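Structural overview
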Amino acid sequence: MARGIISPWKQPIYNSFDKLFVAMVSDMGPTNRTLWNSLNINIESTSFENPLNDKNVHVFVNVPHLIKLVRNHLLDHGFVYNNKYIGKETLAKFLTVHCTKINLAYKINQSHLHVTGAQRQNVRLAAQIFSERFSKAIDFCGKAKMLDHIPNWQEMSNNAKDRFTDSYGLDIKNQNILLNKITQYNIKNIRVHRSKSLMLFQKGILTSNKSFENLLNDLQKEYRYLNSNNTYLILGKMRFIYQNI
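Here's what I pulled together on the structure shown here. Small disclaimer: the values here were computed from a predicted structure and weren't measured.

The three strands lie next to each other as 7-6-8, forming an open sheet whose pairing is antiparallel. Strand pairing shows two members of the sheet lacking a second neighbour, strand 7 (84-86) and strand 8 (191-192), which therefore form its edges. With two bridges connecting them, strand 6 (residues 79-81) and strand 8 associate as antiparallel partners. Following the sheet pairing, Val80 is matched in strand 8 by Arg191.

Following this line, the structure appears as structure tokens:
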């Protein structure tokens, strides 16, 4: 990888499989989906064998890409769970409501709901819709808890530094509970309005969630001489860390 010293420019100049290749991260564009199909990757089978050592290579979807897809479907179509609907119209109404305990307009405004063209690539706008504060505001006013757990999942899954948010593995019991809640409650049981099956972004989240657990388990087995209580993944950069505490 060639990188600019001053500018943020970077350019891949060489890529090769090697024995340390344990994970693959991509968006869900057509070319990458074709690759997934050729490797038999799906929500039940989320890894393939490294041809050099027959060990698993785990497949992940880029988290900012997933967050934008979730936001786009929420605004364009809306979500349904237990016959309750939440969509762009619902969020727009929330912006005009001021509860005594929670200001629903906190950090959210019309620019978050009316995104077109290049604005749809703005990750910050998408992430702020799924902030913990806004999710709690929706719950407070009695709407379906469809956004529950997404803020914590978003932070853990895209954590690029081992501070602020615990990296995956440092609070493994609660983090696996979170992954299970996202999988069972927020993804498998929610449908995009007028759709009867899981959408592509939902399959991407399910694939990544399964890979989180399987990758950490594989690495802990590979480096079993390390204390598993001090090993964790920085998922935003796909790093496996042993910390001597």
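Where helix 8 (residues 172-187) contacts helix 9 (residues 200-222), the axes come no closer than 10 Å and their chain directions differ by 160 degrees. By the angle between their axes, helix 8 is roughly antiparallel relative to helix 9. The hand of the helix 8/helix 9 crossing is left-handed. Contact residues: helix 8 offers Ile172, Asn176, Leu179, Ile182, Thr183 and Ile187, while helix 9 offers Gln202, Ile205, Leu206, Asn209, Phe212, Glu213 and Leu216. Of the residues belonging to the contact of helix 8 with helix 9, the class tally is eight nonpolar, four polar and one charged.

Our focus in this paragraph is the sheet that holds strand 3 (residues 23-26). A sheet is described by the order of its strands in space; here three strands give the open sequence 3-5-4, paired in mixed fashion. Either end of the sheet is taken by a strand with one partner, and the two such strands are strand 3 and strand 4 (47-49). Shown here is a sheet whose adjacent strand axes are inclined to one another by a mean of 25 degrees, direction ignored. The pairing of strand 4 with strand 5 (residues 56-61) spans three bridges and is antiparallel. The residue of strand 5 that forms the bridge with Ser47 is His58. Most of the contacts of helix 1 (residues 30-38) go to strand 3, to which it runs at about 150 degrees, and overall it touches strand 3 and strand 5.

Conventions and cut-offs
- Residues numbered from 1 in each chain as written.
- Predicted model: local features only at pLDDT ≥ 70, side-chain atom pairs only at ≥ 80, totals over all residues.
- Heavy atoms only, no water.
- Pairing = 2+ DSSP bridges.
- Helix = DSSP H or I, 4+ residues; strand = E, 2+ residues; numbered from the N terminus.
- Axes fitted to C-alpha atoms, helices over the stretch in contact; angles between N-to-C directions.
- Parallel < 35°, antiparallel > 145°, perpendicular 65-115°, else oblique.
- Left-handed = near helix turned anticlockwise from the far one by under 90°.
- Contact = heavy atoms within 4.5 Å.
- Nonpolar A, V, L, I, M, F, W, Y, C, P; charged D, E, K, R; others polar.

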